Amino acid sequence: MTGEQILVVEDNEKNMKLFRDVLVATGFRTLEATTGGEAIDIASEHMPDLVLMDIQLPDLDGVEALHRLRADARTATIPVLALTAQAMRGDRERFLAEGFDGYVSKPVNVREFLGTVREHCQGRVG
Amino acid sequence: MVEEQESRVAREGRRRIGDPFVRAIARLPVNVRTKLLVAFVGTSLLLVAVGLLGQVVLGRSNDRVASVRPLQKRAVEYSQLQAQARYLRNVLTVNVATDFNTVWPDVAPPQIRGKYSLAVDLFAVDAARRIGASTAAGQLLFTPPREDQKMLDVITSKADELSRLLVERIIPLYGDRTTISNESEEMRPHRAHAEGLASDLHQEASRLANRTTDEINRLIARNASSFESSRVLFIGVAAGALVLALLLGLVLSWSMIGPIQRIDNRLAAIASGDFSGTVEVENRDELGALGANVNRMNDELRRLYTELEEASRHKSEFLANMSHELRTPLNAIIGFSQVLRDEMVGSVNEKQAEYLDDIISSGNHLLSLINDVLDLSKVEAGQVELEVRPFSLREALERGVVMVRERATEEGVRVAFAADPEVDVVDGDERRIKQVIFNLLSNAVKFTPAGGEVDVSATRANGEVRVAVADTGPGIAPEDWDRIFEEFQQSETGVGHREGTGLGLALSKRYVELHGGRIWLESELGHGSTFTFALPAGSSTS
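All figures in this text were calculated on a predicted structure; none of them were measured in a lab. (Residues numbered from 1 in each chain as written. Chains lettered and ligands numbered in written order. Predicted model: local features only at pLDDT ≥ 70, side-chain atom pairs only at ≥ 80, totals over all residues. Heavy atoms only, no water.)

### Let's talk about the overall build of chain A
Moving on, step 1. If you tally the helices and strands in chain A, you get five helices and five strands.
Moving on, step 2. The order of α-helices and β-strands along chain A, N terminus first, is β-α-β-α-β-α-β-α-β-α.
Moving on, step 3. Here chain A holds 126 residues, and the buried ones make up 51% of them.
Moving on, step 4. Of all intrachain contacts in chain A linking residues separated by at least 6 positions in sequence, the fraction that spans at least 24 positions is 61%.
Moving on, step 5. Carbon together with sulfur atoms contributes 46% to the accessible area of chain A, which is approximately 5,700 Å² in total. (Helix = DSSP H or I, 4+ residues; strand = E, 2+ residues; numbered from the N terminus. Buried < 20%, exposed > 50% of the residue type's maximum accessible area, 1.4 Å probe, protein only. Contact = heavy atoms within 4.5 Å. Areas by Shrake-Rupley, 256 points an atom, 1.4 Å probe, with all protein chains shown as cover.)

What follows is the structure in structure tokens.
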């Protein structure tokens, strides 16, 4: 398995377990971060193929973390998806406008979630 | 326009209150009732004063007229006296011998002339005595003033002197009755004296009469001028009282109308939701108290309004947080269930698969409940802004029918759709109208038993588009027709269907009403229900 490497940024332990297990079970490799700061460190160190970014995080929020990744030339091109429980009307548009490459609302539908992840990984490979 | 008018009224109010009199009246620490009472009593007193003055003026005029009357009586007496004196003088003048001889030179013999002359002199004696008697002190019918009295005394004494002269000196000179002659040289000086006396007498009487006449004339002239000045005074005072009363009334009414207008303006502003201002009322009466209460009400309303806004903001934040916090565990619940159900971590048996499906559908139900609650809260907080654009209502209906048809077919319910050709593009928030359509359709399918039918129709008439969804379900009792549109309410016949959030119709009603439309229900127990909503067709015709 070539297994693209995906950085999951998620502060909820059980959700982290779900995303990790689903991704691993379908052949991805995962990296894990529970804070925005940690996410930036890991991303710049390991250069993952995709970042799944929670928005509400203990230190800096997902939007700020995205901006920092984009500000760093090495990580600027890594696709980042917003993976959030902020799912009120208008939220999707708001996050896409912030520069996220995609938006997945929680609770996720596992099949759709995997579909979106694959789509963005392939986009990068292609 | 309204603002312009308000500022005009405010300007006017300020101008009025700038008037020091109005201000002074307004600031009097007396209540309105007392002010009005004082104004009315004051006006009445002015009226009474004017009336009394009129009375006095009339009385004086009357007195003056009355004062002329005794004078006139005096004048009459004096002129009689004057006439008598003139007569006496004339008689005596006639009796001067030479005159008499001149008049009758040869006609009568000397004896006859003598007799005649004696008779005249005797008559003159009588006349002089009468004058003397009538002018003697206490003989007059009135009390003459001092100056008159002096002249009267002179007249009396002259008359007495004359009568004595005639009786004692002249008449004896006539001699025996048979040899009467008036041609005696002896008689001449006496006669001249008598004539002088008669002339003085007449002169005095004339002076007296003329003096009195002059006095009357002077009095009448004075009366006329003082009547004129009284009239001027009366008119002046009456006009002054009128002006004063009007001025008082105006000042008093402006001291009240100004504050009332300002209070009214403030209340109008409050009624339209502007709590930013205060009304200034300087009055220390009921109006002042009213103004103060309006200000207090304004402050209280502003406080409540701010609190409400704050509460509304808190509510929105709370709802957003709640949504987030509920979705987070729901993600694990639904996600892990799906992982298990898809046998990503090993096979599950049939029963386990069924339970997992139940968990997943309950989780999804919970999710739609969260979404509906949030939508409804936003509508109620007035935070929903419709994204109004022209869209095809026909397409939205067709898509809605397609969405429920699969499930309807599974449950043996037929779905029919028919729309008038002129029903197509309308102005509205497409997403929300679709939500309404889907809600009505899924409700209809849900409550229609197998073999039943859901009939969707769209018509256009009277400037609105109507969409009706009729089912052949159990129907809804009339007493439930209104309640059914409230949150978490179901009709008696609907109880038992645990599916649905209980918020669909409440949301649909609000969305339709936000569009300026309406939604209603017609139903008969046992014969199904028809939900209809109408939207203004607007300018977008097909």
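### Topic: the side chain of Thr75 of chain A
Residue and element names in this part refer to chain A.
Moving on, step 1. By the element assignment, Thr75 lies in the loop between α3 (62–71) and β4 (80–84).
Moving on, step 2. For Thr75, a relative accessible area of 2% translates into the label buried.
Moving on, step 3. Within the structure, Thr75 has its side chain in polar contact with the backbone oxygen of Leu69 (distance 2.5 Å).
Moving on, step 4. Excluding its chain neighbours within four sequence positions, the residues that come into contact with Thr75 are Ala43, Ser44, Met47 and Leu69. (Polar contact = N/O pair within 3.5 Å; in protein donor to acceptor, adjacent residues only side chain to side chain.)

### Comments concerning the environment of His46 of chain A
Residue and element names in this part refer to chain A.
Moving on, step 1. One can find His46 in helix α2 (residues 36–46).
Moving on, step 2. Between the C-alpha atom of His46 and that of Ile6, which follows or precedes it by 40 residues, the distance is 10.0 Å.
Moving on, step 3. Excluding its chain neighbours within four sequence positions, the residues that come into contact with His46 are Gln5 and Leu31.

### Notes on the interface of chain A and chain B
Moving on, step 1. Of the residues lining the interface, 22 residues belong to chain A; the matching set on chain B comes to 23 residues.
Moving on, step 2. Both sides of the chain A and chain B interface together cover about 2,000 Å² of buried area, and 57% of this is carbon and sulfur.
Moving on, step 3. Contact with chain B buries surface across chain A, with Met88, Arg89 and Pro107 of chain A losing the most and accounting together for 38% of the total.
Moving on, step 4. Put simply, chain A and chain B have one salt bridge between them.
Moving on, step 5. Between Asp342 of chain B and Arg111 of chain A there is a salt bridge, with its nearest N and O atoms 2.9 Å apart.
Moving on, step 6. The interface formed by chain A and chain B holds eight residue pairs in polar contact (both at pLDDT 80 or more) in total.
Moving on, step 7. Of all the secondary structure elements, the ones that give two or more residues to the side of chain A that touches chain B are α1 (13–25) and α5 (110–125) of chain A.
Moving on, step 8. In terms of residue count, the dominant contributor to the side of chain A that touches chain B is α1 of chain A (seven residues).
Moving on, step 9. Here the side of chain A that touches chain B is built from residues that sort into eleven nonpolar, six polar and five charged. (Buried area = accessible area lost by both parts, 1.4 Å probe. Salt bridge = Lys/Arg side-chain N within 4 Å of Asp/Glu carboxyl O. Nonpolar A, V, L, I, M, F, W, Y, C, P; charged D, E, K, R; others polar.)

### Considerations on unusual backbone geometry
Moving on, step 1. Residue Pro107 of chain A follows Lys106 of chain A across a cis peptide bond; omega there is 0°.
Moving on, step 2. Inspection of the secondary structure puts Pro107 of chain A in the loop between β5 (102–105) and α5.
Moving on, step 3. Its identity is not glycine, yet Met47 of chain A carries a phi of approximately 45°, on the positive side.
Moving on, step 4. Looking at where Met47 of chain A falls in the secondary structure, it is placed in the loop between α2 and β3 (50–53).
Moving on, step 5. In this structure, Glu343 of chain B takes a positive phi of about 55° despite not being glycine.

### Considerations on the side chain of Ser529 of chain B
All names here are of chain B.
Moving on, step 1. Its place among the elements puts Ser529 in strand β7 (residues 529–536).
Moving on, step 2. Residue Ser529 is classed as buried on the basis of its relative accessible area of 4%.
Moving on, step 3. A polar atom in the side chain of Ser529 sits 3.1 Å from the side chain of Ser523.
Moving on, step 4. Not counting chain neighbours up to four residues away, the residues in contact with Ser529 comprise Val469, Ala470, Asp471, Gly475, Ile476, Leu521, Glu522 and Ser523.

### Points about the sheet that holds strand β1 (residues 5–9) of chain A
Residue and element names in this part refer to chain A.
Moving on, step 1. Read from one edge to the other, the open sheet built from five strands follows the order β2-β1-β3-β4-β5, with strand pairing classed as parallel. Of all strands in the sheet, those with a lone pairing partner are β2 (29–33) and β5, marking the two edges. Mean inter-strand twist for the sheet, computed between neighbouring axes without regard to direction, equals 20°.
Moving on, step 2. Across four bridges, β1 lies against β3 in parallel orientation. Among the inter-strand pairings, Val9 is bridged to a residue of β3, identified as Met53.
Moving on, step 3. Against the sheet, α1 touches β1, β2, β3 and β4, its axis set at about 165° to β2. (Pairing = 2+ DSSP bridges. Axes fitted to C-alpha atoms, helices over the stretch in contact; angles between N-to-C directions.)

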